[in-house]
Amino acid sequence: MSAGFVAVLVGYTSAAAIIFQAAHNLGLEDGAIASWFWALGIGMAATTIGLSLYYKTPVVIVWSTPGAALLVTGVEGLTVGQAAGVFLASSLMVLITGLTGAFDKIMSFIPGPLAAAMLAGILLQFGLQVFAQLTDHTLLVGAMLAAYFVVKPLLARYAIPIALLVGLVVASVLGQTQLGEISWQMAKPVWVTPEFSLSALIGVAIPLYLVTMASQNLPGLAVLRAHGYSVPASPIVSVTGATGLLMAPFGGFAYNLAAITAAICMGEDADPDPKQRYWAAVWAGLFTAVAGVFAASVVALFLALPTALVAAIAGLALLATIGNSLASALGDEASKEVATITFLVTASGVTLFGINSAFWGLVAGLLVTHWWQRRATA
């Protein structure tokens, strides 16, 4: 339960502001913005719970954070209807990719050590942020670290929730939470009739599709593989595409596999037994459903927490996963150097053509592997 809550907390607090900005750039009012979060929350909850229970695997479906960042500038000059058309077209392309089985073929070419190296590179900044936050938030983060280090050897499964509780108490005492103006209210879906513009489809829908597949679904599948979960990629991608088709008119711009928040649900702290960790994803889905129903209020609640607290709890929740990923990536002497290249490129944060470093880290590792293998057999 705690792993599922932390996953949702990290997901909302890290990207909600970006989605708000994209919606504001379209000129949406508060009710329509709440509809976006309703559509995203309900869609993510239904797919996460359904897929996790069906496959008995922690399959976490989230919105596309890089996609939201792309929309911040991409929706400028579009009407609300054209934006809905963009969401619909992008989701249709995702669905076609899943139904044709293309994604499974892509994933079969990715070696395990490279997948683990990419995951470690994605998560590295989260681990570093725990200690980087000590500079400006010494008391808050220091108290959370102390709680984690003390409790971990005694009650490992409760180390994260206790650290979170300590952080909430300290933040409240220091006056760093802004909860006074939050009122609970249910969100109402707002239908927008999709409109289609050729320039919007080429300039926004196709990049949104590429970013969602390369920067989200590809790392998401790699995270599953790195943790030893061999679920078929294409059916999952198909489900996310179909969900996007249903929710696009209400503001559901993209659904995809999670990487970072999924890793929280797949670590040893979620459950010592890997076969039971899918319950962490189910709990994440339930919390996401609540966040969707009470969209406006819950997002405001998450955003009222200090960023240092969120950064610290995310990093602490991912410490074990970072260590295990590095061990898997570097454990094979034959692929150690290529895995290191993948790790460094991913951790660098380089962005090319609007696609983030997770994709390029994997590309670099695969190219070097292929070239070295050819030279070895030449």
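For the structure, check the block above.
Conventions we followed
- Residue numbers restart at each chain and count upward from 1, following the sequence in its written direction.
- Totals for whole chains, interfaces and linings use all residues, but because this is a predicted model, local features are given only for residues with pLDDT of at least 70 and pairs of side-chain atoms are given and counted only at 80 or more.
- Only heavy atoms go into the side-chain values, all of them from the structure, while hydrogens and water stay out.
- Secondary structure elements follow DSSP: runs of H or I no shorter than four residues count as helices, runs of E no shorter than two count as strands, and numbering proceeds from the N terminus.
- For the exposure calls, accessible area comes from a 1.4 Å probe over protein chains only, and a residue counts as buried if that area is under 20% of its type's maximum, exposed if over 50%, partly exposed in between.
- Here, the term nonpolar core denotes a set of buried Ala, Val, Leu, Ile, Met, Phe, Trp, Tyr and Cys residues that are joined through side-chain atoms within 4.5 Å.
- Working rule for contacts: check all heavy atoms of both residues, and any pair within 4.5 Å makes them a contact.
- We call Phe, Tyr and Trp rings a pair once their centres come within 6.5 Å, taking the six-membered ring for Trp, and we label the pair stacked below 30 degrees between planes, edge-to-face above 60, and tilted otherwise.
- Only C-alpha atoms enter the line fits that serve as axes; for helices the fit covers just the stretch in contact. Angles between N-to-C directions range over 0 to 180 degrees.
- In this scheme, roughly parallel covers angles under 35 degrees and roughly antiparallel covers those over 145, while 65 to 115 is roughly perpendicular and the rest are oblique.
- Left-handed describes a crossing whose near helix is turned anticlockwise from the far helix by less than a right angle; the clockwise case is right-handed.
- Under the grouping applied here, Gly and all other residues not named as nonpolar or charged are polar, the nonpolar ones being Ala, Val, Leu, Ile, Met, Phe, Trp, Tyr, Cys and Pro and the charged ones Asp, Glu, Lys and Arg.

## Some words on unusual backbone geometry
Most peptide bonds take the trans form, and the phi angle of most residues other than glycine is negative.
So, point 1. Backbone geometry at Lys-56 places phi at a positive 55 degrees, although glycine is not the residue there.
So, point 2. Tracing the backbone through its elements, the reader meets Lys-56 in the loop between helix H2 (30-55) and strand S1 (61-63).
So, point 3. Among the residues examined, Lys-56 registers a relative accessible area of 45% and is labelled partly exposed.

## Comments concerning the nonpolar core
In a soluble, globular protein the nonpolar side chains are often hidden away together inside.
So, point 1. With 120 residues, the main nonpolar core has Trp-63, Phe-87 and Phe-253 as its most contacted residues.
So, point 2. If we ignore the near neighbours within four places in the chain, the residues touching Trp-63 are Gly-11, Tyr-12, Ala-15, Ala-16, Ile-19, Phe-37, Leu-40, Met-44, Gln-216, Phe-253, Ala-254 and Asn-256.

## Points about the side chain of Gln-133
So, point 1. Checked against the element boundaries, Gln-133 lands in the loop between helix H6 (112-132) and helix H7 (138-151).
So, point 2. Look past the residues within four positions of Gln-133 in its chain and what remains in contact with it is Thr-138, Val-141, Ala-308 and Ala-311.

## Considering the packing of aromatic side chains
So, point 1. Enumeration according to the criterion identifies eleven aromatic pairs in this entry.
So, point 2. Measuring from ring centre to ring centre gives 5.5 Å for Trp-36 and Phe-87, while their planes differ by 85 degrees; the resulting arrangement is edge-to-face. Within this pair, whereas Trp-36 is found in helix H2, its partner Phe-87 is found in helix H4 (residues 80-99), the two being separated by 51 residues in sequence.
So, point 3. Between Trp-36 and Phe-253, the ring centres sit 6.3 Å apart and the planes meet at 45 degrees, which makes this aromatic pair tilted.

## Considerations on the packing of H6 against helix H14 (residues 307-330)
Each pair of packed helices gets described by two things: the angle between the helix axes and the distance between those axes.
So, point 1. Two elements in contact, H6 and H14, have axes separated by 7 Å at closest approach and are oriented at 150 degrees. It follows that H6 is roughly antiparallel to H14 by the angle criterion. H6 and H14 meet at a crossing whose hand is left-handed. Across the interface between the two elements, Pro-113, Ala-116, Ala-117, Leu-119, Ala-120, Leu-123, Phe-126, Gly-127, Gln-129 and Val-130 of H6 pack against Ala-311, Ala-312, Ala-314, Gly-315, Leu-316, Leu-318, Thr-321, Ile-322, Ser-325, Leu-326, Ser-328 and Ala-329 of H14.
So, point 2. Here the contact of H6 with H14 is composed, by residue class, of 16 nonpolar, six polar and no charged.

## Things to note about the packing of helix H3 (residues 65-74) against helix H9 (residues 198-226)
So, point 1. Two numbers describe how H3 lies on H9: the axes approach to 8 Å, and their chain directions differ by 155 degrees. Relative to H9, the element H3 lies roughly antiparallel. The crossing of H3 and H9 is right-handed. Along its contact with H3, which presents Thr-65, Pro-66, Gly-67, Leu-70, Leu-71 and Gly-74, the element H9 presents Val-204, Pro-207, Leu-208, Val-211, Ser-215 and Gln-216.

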